Amino acid sequence: MKKISAEEFNTLVRESKGDVYVDFFAEWCGPCKHFSPIVGVVAQDETVYQVDVDEEKALAFEYEVMSIPCLILFRDGKEYKRSVGVISEKEIRGMKQ
Amino acid sequence: MIYDLAIIGGGPAGLTAAIYATRASLKTVVFEKMTCGGQIIESKKVDNYPGLPHISGAEFAEKLQQQAEELGAEIEFEDILSFEKLGENFKLRSDDAEFEARAIVMATGVAPKHLEIPGEAELIGRGVSFCATCDGNFFKDEAVAVIGGGNTALYDAIYLSDICSKVYLVHRRDEFRGDSVLVEKLRAKENVEFVLSAKPIRIEGESRVEALIIEQDGGEKALAVSGIFEAVGHSAQGSKLNSELKTDETGYLIADEKLQSSIPGVFLAGDLRQKRVRQLTTATADGAECISSVLEYLKK
């Protein structure tokens, strides 16, 4: 999974067509560490990026990320669904419905 | 494939059971619905597990999982929804698969209780949190409320008081269940205010938390906060897997002195069962102890 900056977020997420998952995480967050491999499985066949909330505070603030891990599914560049906390692979895939 | 033992839940109790079971040469599978480790992955630092001072909860969980896997335990990421005894063995079902095992250890743990008040569900992840160490930094220099009267609430309030400008500690009683040494520590902090004999009744905010409304002294009061950290206890998980599982009046599953549940061949380990102390040490102790009973059961 590629970790992206706020600048890359503009082109890879905001200007994207279709579905893109973004995993907002932090290095020090225990649940995030355990969530990462689950998101990693989904990333094998879906577009998934990670945003470090410590490095990209303004972006996390803009999307009102206040609990991590926070996974947001963007559809055509707009927030479609979000989930907070560790969820299963099936639940991640289920966000597309 | 028929497993000797199916362990439901990959937290400290379940993974310890897996370590003991594989070392006893049982063909063992651990079913975990999300990620191994259980609640401990939310602890930034574990200071009360003998021999491993200052280890992070996440690292502890990783080591435990690695140890279980190295010894030969299989870990399947499946959400087991039910099980039943069919003939000699148990059949376990997830939403799209079936498994068979000769015995079961349930180590499904507990989940945090919610306040279940208006505004809460809509604002989870937008100011309402169940993990102070995960989310505290989002509320740097802001006012927050911690709700609860046990050690989790007290530890959360101490942690948050170093980050936030103000911490309201809201509790429905006028004294705390948690350790007095923690209460004293909080009393010494200038930015912590005790709000006692107070009942949270509503959370207000449009896209994020703006206030916690409490009932106190017969009237309503608004606490202007941007974060609300709930620590109001836990509820045992897993009793719905089989209707014959007996629970106490608070929902914890009942085991006998051999950690066997009300269903022969189904054993209980960890926080889900009725017991006095729920700690990492008692969870791992359960995991070890129940395997002796599993071995005894399988010999019959």
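Coordinates for the structure precede this section.
Conventions used here
- Residues numbered from 1 in each chain as written.
- Chains lettered and ligands numbered in written order.
- Predicted model: local features only at pLDDT ≥ 70, side-chain atom pairs only at ≥ 80, totals over all residues.
- Heavy atoms only, no water.
- Pairing = 2+ DSSP bridges.
- Helix = DSSP H or I, 4+ residues; strand = E, 2+ residues; numbered from the N terminus.
- Axes fitted to C-alpha atoms, helices over the stretch in contact; angles between N-to-C directions.
- Contact = heavy atoms within 4.5 Å.
- Buried area = accessible area lost by both parts, 1.4 Å probe.
- Salt bridge = Lys/Arg side-chain N within 4 Å of Asp/Glu carboxyl O.
- Polar contact = N/O pair within 3.5 Å; in protein donor to acceptor, adjacent residues only side chain to side chain.
- Nonpolar A, V, L, I, M, F, W, Y, C, P; charged D, E, K, R; others polar.
- Phe/Tyr/Trp six-rings, centres within 6.5 Å; stacked < 30°, edge-to-face > 60°.
- Buried < 20%, exposed > 50% of the residue type's maximum accessible area, 1.4 Å probe, protein only.
- Core = buried A, V, L, I, M, F, W, Y, C linked by side-chain atoms within 4.5 Å.

> Hey, could you go over the sheet that holds strand 13 (residues 211-216) of chain B for me, with residue numbers and the actual values?
All names here are of chain B. A sheet is described by the order of its strands in space; here three strands give the open sequence 12-13-14, paired in antiparallel fashion. The open sheet has two edge strands, strand 12 (199-204) and strand 14 (219-224), and neither has a second partner. Taking the axes of each pair of neighbouring strands and ignoring which way they run, one obtains an average angle of 30 degrees across the sheet.

> Go over the interface of chain B and chain A, please, and point to the residues and values.
The interface is formed by 25 residues belonging to chain B together with 21 residues belonging to chain A. With both sides pooled, the region where chain B packs onto chain A buries about 1,900 Å², and carbon together with sulfur makes up 58% of that total. If you sort the residues of chain B by the area they bury against chain A, B:M34, B:R126 and B:F138 come out on top, with a joint share of 30%. Across the contact surface, chain B and chain A share five salt bridges. Inspection of the chain B/chain A interface yields nine residue pairs in polar contact (both at pLDDT 80 or more). Among the residues forming the side of chain B that touches chain A, the class breakdown is nine nonpolar, seven polar and nine charged.

> Run through the packing of aromatic side chains, naming residues and quoting values.
All names here are of chain B. Under the criterion given, the structure shown has nine aromatic pairs over all chains. Seen in terms of ring centroids, F139 and F229 are 5.6 Å apart; in terms of plane orientation they differ by 85 degrees. Their pairing is edge-to-face. With F139 in the loop between helix 4 (132-135) and strand 9 (143-147) and F229 in strand 15 (residues 227-230), the pair connects residues that are 90 residues apart, well separated along the chain. When sorted by exposure, F139 lands in the same class as F229, which is buried. A ring pair is formed by F176 and F194, whose centres lie 5.4 Å apart and whose planes are at 90 degrees; its orientation type is edge-to-face. Residue F176 is located in the loop between strand 10 (166-170) and helix 6 (180-187), and its partner F194 is located in strand 11 (residues 192-195); the two are separated by 18 residues in the primary sequence.

> I'd like a description of the side chain of B:N242, backed by residues and values.
Inspection of the secondary structure assignment puts B:N242 in the loop between strand 16 (234-236) and strand 17 (266-268). Contacts of B:N242, omitting those with residues within four sequence positions, involve B:F83, B:E84 and B:I263.

> Run through the nonpolar core, naming residues and quoting values.
Membership of the largest hydrophobic core comes to 58 residues, with the highest contact counts inside it found for B:F83, B:L92, B:I104, B:V105, B:M106 and B:V294. Those elements that place two or more of their residues in this core are strand 1 (2-8), helix 1 (12-23), strand 2 (28-31), helix 2 (57-70), strand 5 (89-93), strand 6 (98-106), strand 17 and helix 7 (280-299) of chain B. With seven residues, helix 7 of chain B is the largest single contributor of residues to this core. In terms of nonpolar packing, the next biggest core, distinct from the first, is built from 44 residues, A:L59, B:F138, B:A153 and B:L182 among them.

> Residue-level account of the pattern of salt bridges, with values.
The full count for this structure, using the stated rule, is 30 salt bridges over all chains. As a salt-bridge pair, B:K45 and B:D47 come within 3.6 Å of each other at their nearest N and O atoms. Shared partners join several salt bridges into a network, and the residues in it are A:D19, A:E46, A:R75 and A:K96.

The values reported here are purely geometric and, on their own, carry no functional implication.
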